[in-house]
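# Report on the structure
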Amino acid sequence: MILTITLIELRSPWKYFTLASNYLKIMKQAKNASCISLKSTGFWTTFYTMTLWESPEAMKNFARSGPHLEAMKISAAIAKEIRTLSIGSNSLLSWKEAKEKLQSSGKILKF
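The structure contained in this document is the topic of the report that follows. (Residues numbered from 1 in each chain as written. Predicted model: local features only at pLDDT ≥ 70, side-chain atom pairs only at ≥ 80, totals over all residues. Heavy atoms only, no water.)

## Quick look at the packing of helix α1 (residues 16–32) against helix α3 (residues 66–78)
The contact between α1 and α3 brings their axes to 9 Å, and the two run at 155 degrees. The angle between the axes of α1 and α3 places the two elements in the roughly antiparallel class. In this structure, α1 crosses over α3, and the sense of that crossing is left-handed. Within the contact between the two elements, α1 uses T18, L19, N22, K25, I26 and Q29 and α3 uses G66, P67, H68, A71, I74 and I78. Partitioned by chemical class, the residues of the contact of α1 with α3 number 6 nonpolar, 5 polar and 1 charged. (Axes fitted to C-alpha atoms, helices over the stretch in contact; angles between N-to-C directions. Helix = DSSP H or I, 4+ residues; strand = E, 2+ residues; numbered from the N terminus. Parallel < 35°, antiparallel > 145°, perpendicular 65-115°, else oblique. Left-handed = near helix turned anticlockwise from the far one by under 90°. Contact = heavy atoms within 4.5 Å. Nonpolar A, V, L, I, M, F, W, Y, C, P; charged D, E, K, R; others polar.)

Next up, the structure:
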């Protein structure tokens, strides 16, 4: 299984409305895909998601289609930074551990 942790740092609090609109569609997409488990947290301009997938292929198929793909296309307009990390895992991590791993080993995209 593969665990993906993502951080989205918004450009401003006003971008939350665009994020929230897309988030609902993406979570529905994930639940209909091969996502085993998911959770999210965040406040103000900093938001995290954590998803557990059956395989890297399932995760890639999700990321490259539907609402997630559409959200990726507008990510530069709403985010100033996105961090992602995908690791092998059989379960979700605690938020503390996930944030530490993301900070130390995550791939960083700055806009």
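## Quick word on the pattern of salt bridges
Summed over all chains, the structure comprises 3 salt bridges. Between K73 and E70 there is a salt bridge, with the nearest N and O atoms lying 3.3 Å from each other. With K73 and E70 both in helix α3, this residue pair falls 3 residues apart, about one helical turn. Of the residues examined, E70 reaches a relative accessible area of 43% and is grouped as partly exposed. Between K110 and E81 there is a salt bridge, and its shortest N-O distance comes to 3.2 Å. In this pair, K110 is assigned in strand β5 (residues 107–110) and E81 in strand β4 (residues 79–88), connecting sequence segments 29 residues apart. Here K110 falls in the exposed class, since its relative accessible area comes to 62%. Linked by salt bridges that have partners in common, E81, R83 and K110 make up one network. (Salt bridge = Lys/Arg side-chain N within 4 Å of Asp/Glu carboxyl O. Buried < 20%, exposed > 50% of the residue type's maximum accessible area, 1.4 Å probe, protein only.)

## A few points about unusual backbone geometry
Among all residues save glycine, negative phi is the norm, and among peptide bonds the norm is trans. In this structure, W44 takes a positive phi of about 65 degrees despite not being glycine. Summarising the element assignment, W44 is placed in the loop between β2 (35–43) and β3 (46–53). For W44, a relative accessible area of 54% puts it in the exposed group.

## Focus on the packing of aromatic side chains
Given two aromatic rings, one states the distance between the centres and the angle between the planes to describe the pair. Tallied over the full model, the rule gives 6 aromatic pairs. Linked through ring pairs, W14, Y16, F17 and F47 together constitute an aromatic cluster. (Phe/Tyr/Trp six-rings, centres within 6.5 Å; stacked < 30°, edge-to-face > 60°.)

## What about the sheet that holds strand β1 (residues 2–10)?
Strands sit in the order β2-β3-β1-β4-β5 across an open sheet of 5 strands; the sheet is antiparallel. Every other strand in the sheet has two partners, leaving β2 and β5 as the edge strands with one partner each. Averaged over all neighbouring strand pairs, the angle between strand axes comes to 15 degrees, with direction disregarded. In terms of strand pairing, β1 meets β4 through 9 bridges, oriented antiparallel. Counted as the bridge partner of I5 is L85 from β4. (Pairing = 2+ DSSP bridges.)

## Brief notes about the nonpolar core
Counting residues in hydrophobic clusters, the biggest one holds 11 residues: L3, I5, L7, Y48, M50, L52, L85, L93, W95, A98 and L102. Elements with a minimum of two residues in this core: β1, β3 and α4 (95–105). Listed in part, the 10 residues of the second largest apolar core include I26, A58, M59 and A71. (Core = buried A, V, L, I, M, F, W, Y, C linked by side-chain atoms within 4.5 Å.)

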